[in-house]
Each structure stands twice: as C-alpha cells, then as structure tokens.
Amino acid sequence: MEAQPSNEAGPPPANGSATQTLDSTDAPSANETQRTTAQPATQSAPATAKPPKRPMQPTRDRFNAQSLGGSLNMSIKKARVLMVGAGGIGCELLKNLVLAGFGEISIVDLDTIDLSNLNRQFLFRHEHIKKSKALVAKEVAQRFNPKVKIDAHHANIKDSQFDVPWFKRFTIVFNALDNLEARRHVNKMCLAADVPLVESGTTGFNGQVQVIKKGVTACYDCTPKETPKSFPVCTIRSTPSQPIHCIVWGKSYLLSEMFGASEDQTAFDHSTDADNAQEVEELKRESEALRKIRDAVGKPEFPQMLFDKVFYADIERLRSVEDMWKSRAPPEPLKYDKVMEQASEALASKEAILADGQRVWSLEESLVVFNDSIDRLSKRMEQLKKDHDPSKPDPEISFDKDDEDTLDFVAASANIRSTIFGIDRKSRFDIKQMAGNIIPAIATTNAIVAGLCVLQSMKILQGNYDHSKEVFLTPFAAGRLLAPDRSRKPNPECPVCGVFYTALEVDLSRATLKDVVDTFVKDKLGFDDKEFVLSNDVGILYDPDETDNLPKKLSELGIDDSSFLTVMDEDDDDTFVNVIISVQKGTFAESDPPLKSQLDEKPSIPRKPKKASNGAPAESNGVQNGKHSIDGEPQTVSQGLKRSRLDEDGPPLKKAKMAGGKVDDDVVVVEDAGGAIVID
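The text that follows walks through the structure, step by step, so that each part is easy to find. Computed from a predicted model, the values in this text were never measured in an experiment.

Here the focus is the overall build of the protein chain. From N to C terminus, the protein chain includes 19 helices and 22 strands. Residues classed as buried in the protein chain amount to 42% of the 680 residues present. Nonlocal contacts in the protein chain, meaning residues at least 24 apart in sequence, comprise 65% of its contacts between residues at least 6 apart. Split by element, the accessible area of the protein chain, about 37400 Å² in all, is 50% carbon and sulfur.

This part takes up the sheet that holds strand E5 (residues 197–203). One open sheet holds the eight strands; their spatial order is E3-E2-E1-E4-E5-E6-E9-E10, and the pairing between them is mixed. Each edge of the open sheet is held by one strand with a lone partner, namely strand E3 (149–153) and strand E10 (482–486). Ignoring which end each strand starts from, the neighbouring axes of this sheet average 15° apart. Here strand E1 (residues 80–84) pairs with strand E4 (residues 172–175) via four bridges, running parallel. The residue bridging Val-84 from the neighbouring strand is Asn-175, located in E4. Contacts from helix H7 (residues 180–193) reach E1, E4, E5 and strand E6 (206–212) within the one sheet, and its direction differs from that of E5 by about 165°.

Counted under the stated rule, the structure contains 17 aromatic pairs. On the basis of an interplanar angle of 80° and a centroid distance of 5.3 Å, the ring pair of Phe-205 and Phe-476 is categorised as edge-to-face. Of this pair, Phe-205 sits in the loop between E5 and E6 while Phe-476 sits in the loop between strand E9 (469–473) and E10, and the two are 271 residues apart along the sequence. According to the relative accessible area criterion, Phe-476 is exposed, its value standing at 68%.

Here we come to helix H17 (residues 428–435). Listing the buried residues of H17 in full gives Arg-428, Ile-431, Gln-433 and Ala-435. Its buried side turned inward, H17 meets helix H9 (243–259), helix H14 (350–355) and helix H16 (404–420). One or two steps after H17, the chain reaches Asn-437, where phi turns positive at roughly 50°.

This next bit is on unusual backbone geometry. One non-glycine residue with positive phi stands out, namely Asp-194, at about 55°. With respect to the secondary-structure elements, Asp-194 resides in the loop between H7 and E5. Looking at Asp-194, the relative accessible area reads 40%, which means it is partly exposed.

This brings us to the sheet that holds strand E12 (residues 532–535). With mixed pairing, six strands are arranged side by side in an open sheet as E13-E12-E14-E15-E11-E16. Strands with a single pairing partner mark the edges of an open sheet, and in this sheet they are strand E13 (540–542) and strand E16 (595–597). Along the sheet, successive strands turn relative to each other by an average axial angle of 35°, direction set aside. Relative to E16, strand E11 (residues 500–506) is paired through three bridges, and the arrangement is antiparallel. Opposite Val-506, over in E16, you have Leu-595 as the bridge partner.

With that settled, the discussion passes to the nonpolar core. Judged by nonpolar contacts, the single largest core of 53 residues is most densely connected at Leu-254, Phe-259, Phe-302, Leu-306, Phe-307, Phe-370 and Phe-409. Those elements giving two or more residues to this core turn out to be H9, helix H10 (277–294), helix H11 (302–319), helix H12 (336–341), H14, helix H15 (363–386), H16 and H17. Residue contributions to this core peak at ten residues, all from H9. What Phe-259 contacts, discounting residues up to four positions off in sequence, is Arg-294, Val-297, Phe-302, Leu-377, Ser-378, Met-381, Glu-396, Ile-397 and Phe-409. Core analysis: the second largest hydrophobic core is formed by 44 residues, Ala-137, Val-148, Ile-150 and Val-209 among them.

This next bit is on the environment of Val-577. Examined against the element boundaries, Val-577 turns out to sit in the loop between strand E14 (564–569) and strand E15 (579–585). The class of Val-577 is buried, set by a relative accessible area of 7%. Placed 77 residues apart in sequence, Val-577 and Phe-500 show a C-alpha to C-alpha distance of 6.7 Å. Not counting residues up to four positions away in its chain, the partners in contact with Val-577 are Gly-498, Val-499, Phe-500, Val-567, Ile-605, Pro-606, Arg-607 and Lys-608.

With respect to burial, E14 is a largely interior element, five of its six residues being buried. Strand direction decides the pairing type here: E12 and E14, joined by four bridges, are antiparallel. From the neighbouring strand, Ser-535 faces E14, where its bridge partner is Thr-566. Both E14 and E15 contribute to a ladder of four bridges, which runs antiparallel. Residue pairing for E15: Leu-565 is matched across the bridge by Ile-581.

Where H15 contacts H16, the axes come no closer than 8 Å and their chain directions differ by 145°. Where H15 crosses over H16, the handedness of that crossing is left-handed. From H15, Leu-363, Ser-366, Leu-367, Val-369, Phe-370, Ser-373, Ile-374, Arg-376, Leu-377 and Arg-380 reach across to H16, where they touch Glu-404, Asp-405, Thr-406, Asp-408, Phe-409, Ala-412, Ser-413, Asn-415, Ile-416 and Thr-419. A class-by-class count of the residues in the contact of H15 with H16 yields nine nonpolar, six polar and five charged.

Applying the stated criterion across every chain, the model contains 30 salt bridges. Across the pair Glu-139 and Arg-143 runs a salt bridge whose closest N-O atoms are separated by 3.5 Å. Across the pair Glu-365 and Arg-359 runs a salt bridge, and its minimum N-O distance is 3.0 Å. Judged by its relative accessible area of 13%, Glu-365 is buried. Accessibility expressed as a relative area gives 33% for Arg-359, which makes it partly exposed. Here the salt bridges share partners, and the residues they tie into one network are Lys-350, Asp-372, Arg-376, Arg-380, Asp-403, Asp-405, Asp-408 and Arg-428.

Looking at the secondary structure, you find Lys-335 in the loop between H11 and H12. A residue is classified by how much of its surface remains accessible, and Lys-335, at 40% relative accessible area, is partly exposed. Sequence spacing of Lys-335 and Asp-308 is 27 residues, and the spatial spacing of their C-alpha atoms is 6.2 Å. Discounting chain neighbours no more than four positions away, the residues touching Lys-335 are Phe-307, Asp-308 and Tyr-312.

Turning our attention to the environment of Arg-510. Tracing the sequence through the fold places Arg-510 in the loop between E11 and helix H19 (513–524). The partly exposed category is assigned to Arg-510, whose relative accessible area is 26%. Distance in space between the C-alpha atoms of Arg-510 and Glu-590 is 9.6 Å, their sequence separation being 80 residues. Among residues more than four places away in sequence, those in contact with Arg-510 are Asp-515, Lys-553, Phe-588, Ala-589, Glu-590, Asp-592, Pro-593 and Pro-594.

Calculation notes
- Residues numbered from 1 in each chain as written.
- Predicted model: local features only at pLDDT ≥ 70, side-chain atom pairs only at ≥ 80, totals over all residues.
- Heavy atoms only, no water.
- Helix = DSSP H or I, 4+ residues; strand = E, 2+ residues; numbered from the N terminus.
- Buried < 20%, exposed > 50% of the residue type's maximum accessible area, 1.4 Å probe, protein only.
- Contact = heavy atoms within 4.5 Å.
- Areas by Shrake-Rupley, 256 points an atom, 1.4 Å probe, with all protein chains shown as cover.
- Pairing = 2+ DSSP bridges.
- Axes fitted to C-alpha atoms, helices over the stretch in contact; angles between N-to-C directions.
- Phe/Tyr/Trp six-rings, centres within 6.5 Å; stacked < 30°, edge-to-face > 60°.
- Core = buried A, V, L, I, M, F, W, Y, C linked by side-chain atoms within 4.5 Å.
- Left-handed = near helix turned anticlockwise from the far one by under 90°.
- Nonpolar A, V, L, I, M, F, W, Y, C, P; charged D, E, K, R; others polar.
- Salt bridge = Lys/Arg side-chain N within 4 Å of Asp/Glu carboxyl O.

As structure tokens, then:
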C-alpha cells in the first residue's frame, strides 16, 4: 500500500519545480485591492487563494527500488510465488512478501484457526477462530498492499489439483510447514518441476532456512530425518515409567475407548507384540471390558465404574504378574470411595482448581477434575447422539489440545495413573504441551526466519546460488546468533534428488503399461538393452519376470495425472540413476498415439557412482567373498543374480544395518539393498 501523504506541509523544493508556497512577492498590490473592491455588487468576490500543494511522498515501490536496485525490484514485482503453510512462519512470511511487493502470491493451507494460534500468528484475531487460515491470511494481508495479487486455497498441498504443471507456474516456492510428510512432498514436487524452494522451520528459539535448487544444492531428503516417536504398547498399557507414557495412555487409549472410536494405533509401537503375546491378549480383554463400561456413559455410576476398572482392577492384575516387578516398585491400586473420602476440600474449591492450569494437582484434585470432565463429556456425547443422523457414522469425541473437556480428562487421568506408578505428576499446561506434541513457538523466532526466507529469495531471483546460504538461528550456541553456512551440494545417493526427473503426457483412457514400457522407457529413455523395474508408490508394476500388467490400462493400475513412476536400472555395470516419471494428462486426438513425450531426443541420464575399489576383498555388514555370516554360520549366496536369492523360489534377500550404530538388541533396520539379513 502506498504511503499516505503527511498532514504537515514539507519544505519547498530547492529547484522550484514543484508547487511553490506564497511569500511576500506573491501578495496583491494596493491598486489591485482597490480594483477588486470597486467591482459591481452583482459580481461575486474572487475565490480565496488555494493552499499550497504538498510535495508527493515517495511510494513504497520507490523506496524498494532505491533499496534493492531497479533490476531486483522489477524481478520481485514480476515474480509468482507459492507459500505452503499459513501458520507461525507463514503469517510473518506473507506479511513480508506483500510489503516487499511480490507481484503474485498463492497460499495453500489445510488448517483452520485455533485459539492457541493467536499469540504468534498476528494476521488472525479472535473473531477468525474456526475459519480457514489461508482465506483469512489473504484477506488481512491484502490490506498491507492492495496492488499484490493473492490467491488462497483452503486445501491439502498433496491434493491432485496441485500437480507438477501447477508447480511449474511459480518462480519460487516457500515452505512454511510443520510436518515431515508434507515437507517431503513439496520438496519432491519442486524437484520434479525444477522450481527453487526456500525451506524453513522453527523449534522454540531455534530456526533454520535452506535454499533448495535441483542439481545445485542439497534437497530436504539429502540427510535423514528423525521419525515420529512411537511407544511400545506394553510399555504404555502395563509398565509406564515416564509422564509421557501416562499422557499417551489417557489420550490415545482411555479417551478413545470411552468417547471416541477405539484405540489410536498410530501412537503405539506393535513391533514387539509377538514377544508379549500373552500380555497383548490380556490387554485386548481389558479393552473389551471397557467397551461394556462405555454403555454406562451419562449414568451417575459411570465415573466410579470407570475409575475402579482402570485404576483398581487393572492395576491389581498387573501386580499379580510378579516377574514384571522384580526390578521396580509395583503399582499401588486405588479405590474410588477411599480417594473420594479424602477429596472434600478439593470438591469445595473445584472452580479454583479448574481455573489454575499451571499448578500440579494433587491426587484428590485430579479425581475432582476427572469426575467433572466426565460429566461434561457425557453431556456432550448425549447431545451428539440426540442430533445424530442414522445414515452417518456414530458420533465421537476426539482429543484436541484446545478443547478444555478432553484436555481436563486426559490431564486428570494421566496424573492419577502417574500416582499409581510412582511417576511425577504434571500440570495441565505441561500436559497440553506434551499431549499436543507442542514445542513452544516463539513469535520472534518466526519473524527472524521469515525475514531470512525473503533475503534468500532475492538471491534466487538474481540467480546467485553461489551466495545462497543455509542459515541456522541458534541463540544459545557459543557462536553467533545467526550461523550461515554455504549451501551443501546434492547427495549423489539421495533417493529424491539424486535421480533423473522427466515428464510424460498420456491419454489415460487408452494408454497401457506396455505403451509406457516399450515406447517411452525403452525407446525414448534408452533402457532397451537393460533390465529394469518399473514401480509406483504401491509397488512393482513391471520387471522382466512380472509382465502380467503390460496389457492393462494405466487407469486400471491406479495411475492418474498426479502419479509418479520410478524406473530402476538393474544392470551392475554402467547403471543409470533412478528415473522418476511425472505422469500428466494430455490432450489427444483419436489418431494420435496415447503417449506424448516432452523429450526431443534421447536424454543423457546420469550414472550411479561406482564404489571405490582398492583391491581388498569386499567386506561390508558381515559379507565377505560372497559368504554371509548369520549367527556365526557362513552362508553361500549365488553371485550371478540381479537380486540375490537363497533359492529361485524364495523372496529377495534384504540387508540389515543397525541404525546409527547403536540400537536395542531386538531392533533390526532392514534395507532392500540385496544380500542377506545380518543380525549382530
């Protein structure tokens, strides 16, 4: 938005070219005054002298041109940028983009505004709660600069409408996301569309900005990322030892069993269930008993029935497993009536307890909150059932960190369970952070990172990737607040950017897999004399031994205009890197072939780097001279196969390596890299 003129008149220009102000030489003479007064009465008096015009103030665009230079400022005005995410970083970033004068901005965000967002996402106000972040951000940011065109999408960036051709429309993409899966998707789409990406993120006081350009800098997946934390189901349900174990139990198990669908399987790790089969069966029986108690929701006896089941009967059963408590103190079961007798004082101050989320509740206070939250949730469930449409799924209440009813239930349940197992209790505020997987967001950190994103985007617009940086915001480090580092080079072995991307237009109503394999992969890409595998996200579609899918149409195989196909060269010598094919829907006449390649000639596909050889015998992960050691017994493996097999009918062998070099004894990380499973 252009700066408004000041209410005060500025000084007159030195060269007099602009509007002048009156001085003594401009005043009328005495004779002129007499002539004026002698005019007939029928004539109107002359108009009063106009006030001097104020000098025009420089516009924001002029300031930007002076600061950035005319060329860069013009590039910014012509740029079309995509911002994915309109949360903490996104609000700050959008504000910066419109003030900098970026000509066209598209926003994509699936989320709606919550109360907890308002302390740092300053484009939003209380009246915006439950509205789309993308749409509200557009409406508010447009006022900063009406000349900028803003297009908002309340949608998932992974939707099919946001395909590779759509990404190609943009000059720069900004990631302002908070989850790993969406970040990886945008990274892959930008690589396929060959559009530069500015990746950013914050964690409390720390932040990071990274420029990603295909073939020039490392991509988001060039370095491995931590996987989301999961917990063994038997630890959560039988042997908790940390507050988070009790919190996950209350959120993903007890709340779901009473008021939701069922157990939230994503929070639990079932990898060791086979080793605890008897315990798992017992836990299943407990869940079945809980579902029967659920039928009493809304009845006066429901709170005591639930309490005595999970905090007394289940705990007594656990205590009976003596082997489980040889090295730790057994849990202490609680009876509802006994705790209620001690809770008279807490009952009298219930409102004060509920209002104080920073204090750690006692056992008696936790029981008071437990009963009160059950009463609130029961009334909600009864109303939901009353308003329920029989044609729709049964009503459910799920956990939301901003929902006081569910938060109080989880906090109270977790603290009662912590008391039973001798674990420290937590305040409701702390439990909200842990149950909602919240790392406290700092508004200043978001603002700094958003500013760094815009600075890096200016280097991209100038094509100056040599000066682009990975910038780390580390306020508690021994060095500087901002630690810039030269952008890393691409990792040749990265499965996302260390590949060859190409596109293929298809007529989905006619094209078959055989058309893709013969016409495009073999002829156009040059795989005609190679053995290769063609796969998609679901699995293998074609290999030399799997040809059943060749006559099928692509639509029959679940391939549409947002799909990716991967071609993997299986030759041992002169091996191509993986080829990623972006499938795009094209326009075809009936007489046209069902495929249309964007390649004018056979491409030069990079080769995989060959492993260095110094003449020493090959040895890796227990493999030496074609023999694999499993539990100390050498196993000979055939050396002439593309995929090593113990026998012709057996499954492909897999090679396992230990993650990070140190893992639990019963954990093996398996990779599809050929060879055998090696267990240390």
